[in-house]
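Secondary and tertiary structure notes
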Amino acid sequence: MAARGLPAVALELRHRAVRMVAEARDDHPNETTDLQAVTEKLRIGSREALRNWLKQHEIDAGTCPGTTLEESAQLKALKDENAELKRSNAVLEATAPFFVAGLDRPHTRS
């Protein structure tokens, strides 16, 4: 699995589409027609999806401000870890009285 949990095939399609838009820039009068041409050639669902892929590519390349795919993946991992730690903490808080009560009982040897 690659970034954001996308299969390698999906990422390759995105990279190919971005390359094709860059190559088509001289062939069309504006970005909208560039996007439409590539969308039709690759049978991508919508021009907006391709526009979002281009924007993310610019962010990942550092030419546009925003959250990179790598940063998004790190943030998701940290959120998952935080949720797991909260669950563990809740279990410890719920069981602590049981263990404390066990320490107060006198121990007898059999």
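Computed from a predicted structure; not experimentally measured. (Residues numbered from 1 in each chain as written. Predicted model: local features only at pLDDT ≥ 70, side-chain atom pairs only at ≥ 80, totals over all residues. Heavy atoms only, no water.)

This next bit is on the overall build of the protein. Summing up its helical and strand segments, the protein has four helices and zero strands in all. Its helices and strands taken in sequence order, the protein reads α-α-α-α from the N to the C terminus. Split into buried and exposed, the 110 residues of the protein put 20% on the buried side. Of the contacts made within the protein by residues no fewer than 6 positions apart, 28% connect residues no fewer than 24 positions apart. In the structure as shown, the protein presents an accessible area of about 8600 Å², 56% of it carried by carbon and sulfur atoms. (Helix = DSSP H or I, 4+ residues; strand = E, 2+ residues; numbered from the N terminus. Buried < 20%, exposed > 50% of the residue type's maximum accessible area, 1.4 Å probe, protein only. Contact = heavy atoms within 4.5 Å. Areas by Shrake-Rupley, 256 points an atom, 1.4 Å probe, with all protein chains shown as cover.)

Within the secondary structure, Asp-34 sits in helix 2 (residues 31–42). It is Arg-25 that comes nearest to the buried, bridge-free Asp-34 among opposite-charge side chains, at 4.5 Å. Excluding its chain neighbours within four sequence positions, the residues that come into contact with Asp-34 are Val-21, Ala-24, Arg-25 and His-28. (Lys, Arg positive; Asp, Glu negative; His and termini not counted. Salt bridge = Lys/Arg side-chain N within 4 Å of Asp/Glu carboxyl O.)

Throughout the structure, instances matching the rule amount to five salt bridges. For Glu-31, the salt bridge goes to Arg-51, with nearest N and O atoms at 3.0 Å. On the criterion of sequence distance, the pair formed by Glu-31 in helix 2 and Arg-51 in helix 3 (residues 47–61) is long-range, its members being 20 residues apart. Taking the relative accessible area as the measure of exposure, Arg-51 reaches 26% and is therefore partly exposed. Salt-bridge contacts for Arg-87 lead to Glu-84; the nearest nitrogen and oxygen are separated by 2.8 Å. Placement of the pair is Arg-87 and Glu-84 together in helix 4 (residues 69–104), with a separation of three residues, close to one helical turn. The exposure class assigned to Arg-87 is partly exposed, which follows from its relative accessible area of 49%.

Here the focus is the nonpolar core. Ranked by size, the top nonpolar core spans 11 residues in total: Ala-17, Val-18, Met-20, Val-21, Leu-35, Val-38, Leu-42, Ile-44, Leu-50, Trp-53 and Leu-54. In terms of residue count, helix 1 (residues 8–24) provides more of this core than any other element does, four residues in total. For Val-18, the contacting residues outside a window of four places in its chain are Trp-53, Leu-54 and His-57. (Core = buried A, V, L, I, M, F, W, Y, C linked by side-chain atoms within 4.5 Å.)

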